[in-house]
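# Topology and contacts: notes
Each chain, written out:
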Amino acid sequence: MSEKIKTLIFLLLAIVLLGLAWYSKPQIRTVNIESIIGKPLFEKFTDPLSIKRLEIVRRDATGEKEEFRIIEQGGSWRIPSHDNYPADAKDQMGLIADALIGLNVLDVAEKLSGDSTQAVNTTAIHTTYGVLDPTDTTVSSNENTGVKVTLVGTNKETKIDETMVELIIGKAVEPIGNNQDEPSSSVNRYVRIAGQLPVYIVKIDIDRFSAKFDRWIEKNLLDIHSIDIAEIFIDDYSLDLQLTSGGALGVSINNVADLAIAYNNDETGNKKWTLKKCMGYRGAHREYYEKNLNANEELNVEVLDNLINSINNLKIVNVTKKPNKLAESLRKGESFDKIKPDESLFKAGFYLVAAPDKTNPKNKESVKLLATQGDIQLRMKDGICYNLRFGELTGTQTEADQNKELNKNQNETPSMMENRYLFINADFDEKIIPPADIQKLPEIPTTGDQNTIDKIKKEREQKEKSNLREKERVEKAIESGKARVKKLSERFADWYYVISEDVYKKIHLTESSVIRIKTTTQNNADANTNLNVNQPPIQKQQTLPELNLPGTDGEFKLPIE
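Because the structure is predicted, anything quoted here is derived from the model rather than measured. (Residues numbered from 1 in each chain as written. Predicted model: local features only at pLDDT ≥ 70, side-chain atom pairs only at ≥ 80, totals over all residues. Heavy atoms only, no water.)

### With respect to the overall build of the protein
Summing up its helical and strand segments, the protein has 13 helices and 22 strands in all. By residue count, 42% of the 561 residues in the protein fall in the buried class. A separation threshold of at least 6 residues defines the contact pool for the protein, and within that pool the share at least 24 residues apart is 67%. With an accessible surface of roughly 31300 Å², the protein has 49% of that area assigned to carbon and sulfur atoms. (Helix = DSSP H or I, 4+ residues; strand = E, 2+ residues; numbered from the N terminus. Buried < 20%, exposed > 50% of the residue type's maximum accessible area, 1.4 Å probe, protein only. Contact = heavy atoms within 4.5 Å. Areas by Shrake-Rupley, 256 points an atom, 1.4 Å probe, with all protein chains shown as cover.)

### Brief notes about the pattern of salt bridges
Summed over all chains, the structure comprises 30 salt bridges. Where Lys148 meets Asp133, a salt bridge forms, and the shortest distance between an N and an O atom there is 3.2 Å. Of this pair, Lys148 sits in strand E6 (residues 147–154) while Asp133 sits in the loop between helix H5 (122–129) and E6; the two residues are 15 residues apart in sequence, bridging distant segments of the chain. Neither Lys148 nor Asp133 differs from the other in exposure class; each is buried. Note that Lys358 and Asp235 form a salt bridge whose closest N and O atoms lie 3.0 Å from each other. (Salt bridge = Lys/Arg side-chain N within 4 Å of Asp/Glu carboxyl O.)

### Quick word on unusual backbone geometry
Despite not being glycine, Asp83 shows a phi value in the positive range, around 55°. Inspection of the secondary structure assignment puts Asp83 in the loop between strand E3 (76–79) and strand E4 (85–86). Notably, Asn84 is not glycine yet its phi reads approximately 60°, a positive angle. Positionally, Asn84 belongs in the loop between E3 and E4.

### Thoughts on helix H7 (residues 324–331)
All buried positions along H7 are accounted for by Leu326, Ala327, Ser329 and Leu330. For H7, the buried positions fall inside an angular range of 160° around the axis, keeping them on one side. Across from the buried face of H7, at angles greater than 90 degrees, the exposed residues are Asn324 and Lys325. (Arc of directions from axis to C-beta.)

### Quick word on the packing of aromatic side chains
Under the counting rule described, the total for this entry stands at 12 aromatic pairs. Every member of this aromatic cluster is reached through a ring pair, and the members are Phe350, Tyr421, Phe423 and Tyr496. Above the face of the Phe423 ring, Lys322 is positioned so that its terminal group lies 3.9 Å from the ring centre. (Phe/Tyr/Trp six-rings, centres within 6.5 Å; stacked < 30°, edge-to-face > 60°. Lys NZ or Arg CZ within 6 Å of the ring centre and 35° of its normal.)

### Section: the side chain of Asp133
The class of Asp133 is buried, set by a relative accessible area of 15%. Within the structure, the side chain of Asp133 is placed 3.2 Å from the side chain of Lys148, a separation counted as a polar contact. (Polar contact = N/O pair within 3.5 Å; in protein donor to acceptor, adjacent residues only side chain to side chain.)

### Some words on helix H3 (residues 89–100)
With 12 residues, H3 should reach 16 Å at 1.5 Å per residue; the first-to-last C-alpha distance of 16 Å fits that figure. Next to the buried residues of H3 lie strand E1 (51–59), strand E2 (65–73), E3, E6, strand E7 (161–172) and strand E9 (199–205). (Expected span 1.5 Å × (residues − 1).)

### Notes on the nonpolar core
Side chains that are nonpolar tend, in soluble globular proteins, to be buried together. Core analysis: the largest hydrophobic core is formed by 85 residues, its most contacted members being Leu41, Leu100, Leu167, Trp216, Leu222, Tyr386 and Tyr497. The element that contributes the greatest number of residues to this core is H3, accounting for six residues. Trp216 has contacts with Leu54, Ile56, Phe68, Ile70, Ile79, Ala87, Asp88, Ala89, Gln92, Met93, Ile96 and Ser210, leaving out every residue within four places of it along the chain. Judged by nonpolar contacts, the second largest core, of 26 residues, contains Phe336, Leu345, Tyr351 and Tyr421. (Core = buried A, V, L, I, M, F, W, Y, C linked by side-chain atoms within 4.5 Å.)

In structure tokens:
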């Protein structure tokens, strides 16, 4: 082969490689800038029901990338970052769809195109408007990155999932009012379509694109209403844990008091708190006895009202998935004596302990699930009992508000809050349901006036029907209650919930928090009267150095990490 032919071949090969390199390089999508003003930014996105996946990416105050994603699985929404925890995305997704469908372009901030003369200034211009891509690894700062929102949906025609929206939301065009650092959320903002150069101005509510876990889950975790609460039971105790030299775990139960507080209507129809019973412990043998309030003591209705307000909208900040074996046992409603101790339980602050019967210590010990910070029980009118057990702290978690961070000084340190584990399960107590009102049936005489006999027969028939209705009412209530408990067990079984310390302080009740000294005394006689003057002070239960835990041979070995 001649040198001339070789040279020609190399030349052709170079041209081909150059063409391939040009073809395969990242392409900047171009757009007719002027024609889009006054028109929707995403003309193809018209059906919110087509959405299958949502992703929100932003940078936190330290520049770390934060990603939030929810996906549709089998007709329900799940949060992959939280072990596929179910998302209550109907309302939130509706707000997002409403913000993006028909999102009209008001103006163009920078009329950039894809030519090389303007490309050199693209980064600087995108920095100015805060629309740098937060997923771009070449961007080290978080100050001028935007919030990237991606919607993937199913194309009606092709039935194939495709990206319908890929938007980067930047700074506000102008602040509202005198506060230059925190403009209103629903204002004109700079935005751009990911992969395109132009920067547009649109009116959009940044609050709708929250990456916070608690914004995407059901607000009423327990799914109850305060008007349905019949009674609150407070089991005021705490646990002391000691690790012996042999690696065994000793558990000491510090019993303080048990309180049953009714939540009923008073004569005027308003809700009223009433102390039904208060049990305490006294003496070296921890005698369980009923105690009365002193004349100068009363229920702290403000604390109890705060509990109700928090329960109506029980806010969680995170979840941790329980091991499958433990979750399955809880889902089946197995008693605690059949559940083996699990490492995740004591890490979260919950212990299966064989404890004596409070009312009669001579009775056989039963296995109970105890928590390091005690528990409360919400007893509902339909017989459902919600058990809330308070465990250990989970550490600290950044709770900086996303929208404030987008507009405030990035050097400001975000707030830090403590969180705590919460174990929830439900039981059913049919004794809470009002018993059937069975009326005594009159005896039908065999002799006498026929009219009188007929009248007694009619009365008997009416009472028989009434008794039958009452029996059916109770049977139906029991059947419904058991079915609901089963459903609730399936709902709560998989998760350790995490609440903020602020919420914990509102729903964690103790004897000292719900009983207070009266602010004013009725008279001097009441002030000087002490109904419990002869009652010994509450004593701490003696330490049980190595209390046997079920599923062990007297020792509960902690894993060594």
